[in-house]
Structure formats: C-alpha cells, structure tokens
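One-letter residues, chain by chain:
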Amino acid sequence: MELLETKTRVELTWRPRRLRAGAAIRDLVRETRLTPAQLVAPLFVVSGRGRRQPIPSLAGHDRLSSDLALEKARTLASLGVGGLLLFGIPEHKDPIGEGAADPSGPVPETLRALAGEGLPLVLIADVCTCEYTDHGHCGPLEVLPDGRQDVDNDRALEVLAAAAVAYAEAGADVVAPSAMMDGQVAAIRSALDASGHQRTAIMAYASKHASFLYGPFRDAAGSAPAFGDRRSYQMDPANGREALREMELDAAEGADLLMVKPAITSLDLLARARERFDLPLAAYQVSGEYAMIQAAAERGWMDRQGAALETLTAIARAGAGVLITYFAEEAARWLAEEGA
Ligand code: PBG
Ligand code: ZN
C-alpha cells in the first residue's frame, strides 16, 4: 500500500530503453547486421551420381554426389549465400591420404561440375588428409625415437600442396588448409604459384583449437582418428596468445583470409584479431555448435532460428566478416523473410 502512494522521481540523463521502444527504432540503431552474402555453407561430397546419404549427426545435411551438390549449389546461389566449403568423402583410404590430391576424387569432380555453371558462389575447398588417411590423422605418420607415432609435418605438406593444386586445377576459387601443419600456407602458396594458380586464394584455418566440438563432423566425414587425438597439431583451447601467433604466421606466409574455429569459443580471438590484422576474418561455427542448438531445439528447449541467428550475430559482432555455418541455407531464408 505504502509503495503505491510513494512517488518516485528520478532524473536520468540516459534512458537506453528509448532506443529499444519499438521494432523500427531497434532496427535503425542495430550495430551488426547479417547478410546472406557473408555466409558459407559446408558441403560433404561423394563420388558417383544420384547419391544422397543423410548425416545423422548433422540433421538436415546429406553427403551428396556432384550432380546433387550442383542442385544444392543452385539453391544456395538463388538465396544469395556467399560461398561453399567442400569436404570430400573418398571411396578408399591409405596411410598417406593420397586420395586428397586425386583429380578424379569427389572434391575435384564437384568443383568441375560447379565451375562450369558460373554460379555467383565462391568455391572453397577444404585441404586436409584426415578424410583420406586410413588412420584418420591429418598427415602421414612417422615413428618417433621413443616409439610413439606422430604426424610427419613436412611429408604432410607435400600431400597438402598437391591437393591444393588439384583443387585449384578443378576450379576452386579458394583453398582452405585445415591440417594445422607448420608451414602449410607457405607450402600451398608456392605450389599454387609454381603451377600457374596465382589467382587462387588461401583461407587459412589459422587458429584451430583441438576441440570436442568437431565430433559431429567426424561422424559426417568418417575422419575420427583411429588412435590418439589431434593435440600434437591442433592448438590447446587454453591458448589465446598462441592463436594470435598462428594468425600472424599464416598472414606472413601469404594467407588471403584468416579463419578461426570453433567460433563461439573464439570470440575473444576474433575481437583481438580484428584490431591487429587488416585481412578479412572468417569464423567457422563448427558441427558441435550446430548440433548443440539442433539437439536443444529438438527437445523444445530452445528456439532454433533464434539461437542460430543470435550466435551468428555474436560471431559477426566479435569481428568475423565471413561466417561458415551449417545454418547457411536456412539463415539466408530467415534473413530474406526478416527483410521482406
Ligand atoms: C579437417 C577438418 C575438421 C573440421 C574442419 N576441417 C575436423 C577435425 O579437425 O577433426 C571440423 C569442422 C566441424 O566440426 O564442423 N581437418
Ligand atoms: Zn584434418
């Protein structure tokens, strides 16, 4: 009773709620806007024709043969999505991962099919060997003096460089080395230049943490390591300064774009990198980030569209201009609806 009778008078200079009063004013002052053109859709490709294999760990995504990948690319292009990031699932694996550089493998096959179409999409090919090695590591193995096995960095570079050249040859606009081998950007740049592919750009997976959030991807790509883990080449998630050092090295080696992943666990790195580098910054909202939202939405615990757009907006706000996301197609549709 007493409360209602009391008149409270406060004088506030700032009332931030004025700018939140309605949809129009919120829209006017919004600092970060997403557009389909900044989105990149990951795509898993297999050999053959008419093949579509649903990926249980990535609901709504399939492994596609090149003809169906082309259909998907047409859809993405019509929605204004900026680009595609291709991952290949080969028929055969070997200890070296030589299939990564096979010109008749699923990635070059799909690139040739897409390049001929002249779609307004940037064609990006992931460059790594873990989908192609029978042990699932990102390069050939060597036995160390103490008897342990580890990835042989400099032999891995040869395979990565050969793969990058094969993808450039097949029509990739951008190659994206993800193996976290030392010197991979320099090795790929010099191999591309030596083979006449000066115009092919490199998007470096510059800061890539050894993350549990890649789990659903490894199911999708059949690329889980058969033994051990990737901590001798991917970075310790505890390290931020080391991440900036990795970006600096990749920039010096000739990377055209710098990418960080996972995205939501690297927002501090995006913010720091945005201040420090003038190269375009990309962030990969990885499979586990997608799966967390997907799983919660399936249980009715979170709004799928809301959570997807909110996380993507935060990643952009932190400093990423290019957003690689399994939500790319849907996000482009949602953004078109919002704008309509
Ligand atoms: C291959 C590669 C991985 C991802 C991108 N490239 C898997 C890994 O490092 O094990 C992860 C992408 C995702 O989780 O969506 N080196
Ligand atoms: Zn790999």
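This section reports on the structure supplied with the text. The shown structure was predicted, so the numbers you read here are calculated from the model rather than taken from an experiment. (Residues numbered from 1 in each chain as written. Chains lettered and ligands numbered in written order. Predicted model: local features only at pLDDT ≥ 70, side-chain atom pairs only at ≥ 80, totals over all residues. Heavy atoms only, no water.)

Here we take up the overall build of the chain. Helices and strands together make up the secondary structure of the chain, namely 12 helices and 12 strands. Relative to the compact-globule value of 20 Å for 340 residues, the chain shows a C-alpha radius of gyration of 22 Å, a close match. Each of the three principal axes of the chain carries a C-alpha extent, and together these read 80 × 45 × 40 Å. For the chain, the proportion of its 340 residues judged to be buried stands at 54%. Counting only contacts in the chain whose residues sit at least 6 apart along the sequence, the fraction spanning at least 24 positions is 72%. Across the chain, the 35 positively charged side chains and the 47 negatively charged ones have centroids separated by 8 Å. (Helix = DSSP H or I, 4+ residues; strand = E, 2+ residues; numbered from the N terminus. Rg over C-alpha atoms; globule rule 2.2 N^0.38 Å. Buried < 20%, exposed > 50% of the residue type's maximum accessible area, 1.4 Å probe, protein only. Contact = heavy atoms within 4.5 Å. Lys, Arg positive; Asp, Glu negative; His and termini not counted. Charge placed at Lys NZ, Arg CZ, Asp CG, Glu CD.)

Take the pattern of salt bridges next. Under the defined criterion, the tally for this structure stands at 14 salt bridges. Between Arg51 and Glu91 there is a salt bridge, and its shortest N-O distance comes to 3.2 Å. Here the residue Arg51 occupies a position in the loop between strand S1 (39–46) and strand S2 (52–54), and Glu91 occupies one in the loop between strand S4 (83–88) and helix H4 (106–115), the gap between them amounting to 40 residues. Judged by its relative accessible area of 52%, Glu91 falls in the exposed class. A salt bridge links Arg74 to Glu117; the nearest nitrogen and oxygen atoms lie 3.0 Å apart. Of this pair, Arg74 sits in helix H3 (residues 66–78) while Glu117 sits in the loop between H4 and strand S5 (122–127), and the two are 43 residues apart along the sequence. The network of salt bridges with common partners includes Asp27, Arg30 and Arg33. (Salt bridge = Lys/Arg side-chain N within 4 Å of Asp/Glu carboxyl O.)

On to the coordination of the zinc ion (ligand 2). Looking at the zinc ion (ligand 2), one finds its protein donor set to be Cys128 (SG), Cys130 (SG) and Cys138 (SG), positioned 2.2 to 2.3 Å from the metal centre. Around the zinc ion (ligand 2), the 4 donor atoms sit at angles spanning 98 to 123°, and that spread fits a shape best called tetrahedral. Expressed as a motif, the donor residue spacing for the zinc ion (ligand 2) is C-x1-C-x7-C. Pair check on accessibility: Cys128 and Cys130 agree, each one buried. (Donors = N, O, S within 2.8 Å, 3.2 Å for Na, K, Ca; no water. Tetrahedral: all angles 85-135°; square planar, octahedral: opposite > 155°, others 65-115°.)

With that settled, consider the site of ligand 1. Neighbouring residues of ligand 1: 18 residues in total, closest Lys208, Arg218, Lys261, Ser287 and Tyr326. Within the side chain of Lys208, an N or O atom sits 2.8 Å from an oxygen atom of ligand 1. Within the side chain of Arg218, one N or O atom sits 2.7 Å away from an oxygen atom of ligand 1. In isolation ligand 1 has 400 Å² of accessible area, and contact with the protein removes 100% of it. (Near = heavy atom within 4 Å. Polar contact = N/O pair within 3.5 Å; in protein donor to acceptor, adjacent residues only side chain to side chain. Areas by Shrake-Rupley, 256 points an atom, 1.4 Å probe, with all protein chains shown as cover.)

The final tally for this structure, using the stated rule, is 1 cavity of 30 Å³ or more. Of the voids in this model, the largest cavity is the one considered here, and its volume is about 160 Å³. As for the largest cavity, its lining consists of 20 residues, and the residues nearest its centre are Cys130, Lys208, Tyr214, Phe217 and Lys261. Going through the elements one at a time, strand S9 (201–208) and helix H7 (215–221) are the ones with two or more residues in the lining of the largest cavity. (1 Å grid on protein atoms, 1.4 Å probe; cavity = no way out; pocket = protein on both sides within 12 Å on 5 of 7 lines; lining within 4 Å. Points joined across faces, edges and corners; volume = space filled by probe spheres on them.)

In this section: a nonpolar patch on the surface. A surface patch of nonpolar side chains, about 280 Å² in accessible area, is lined by Leu19, Leu28 and Val29. Checked against the element boundaries, Leu28 lands in helix H2 (residues 23–29). (Patch = residues over 30% accessible without salt bridge, like charges linked within 9 Å, V, L, I, M, F, W, Y side chains within 5 Å.)

Here we come to unusual backbone geometry. In this structure, Pro262 follows Lys261 across a cis peptide bond, with omega equal to -10°. Here Pro262 shows up in the loop between strand S10 (257–261) and helix H9 (267–276). Unlike most non-glycine residues, Met180 shows phi in positive territory, near 60°. Secondary-structure assignment places Met180 in the loop between strand S8 (174–177) and helix H6 (184–194).

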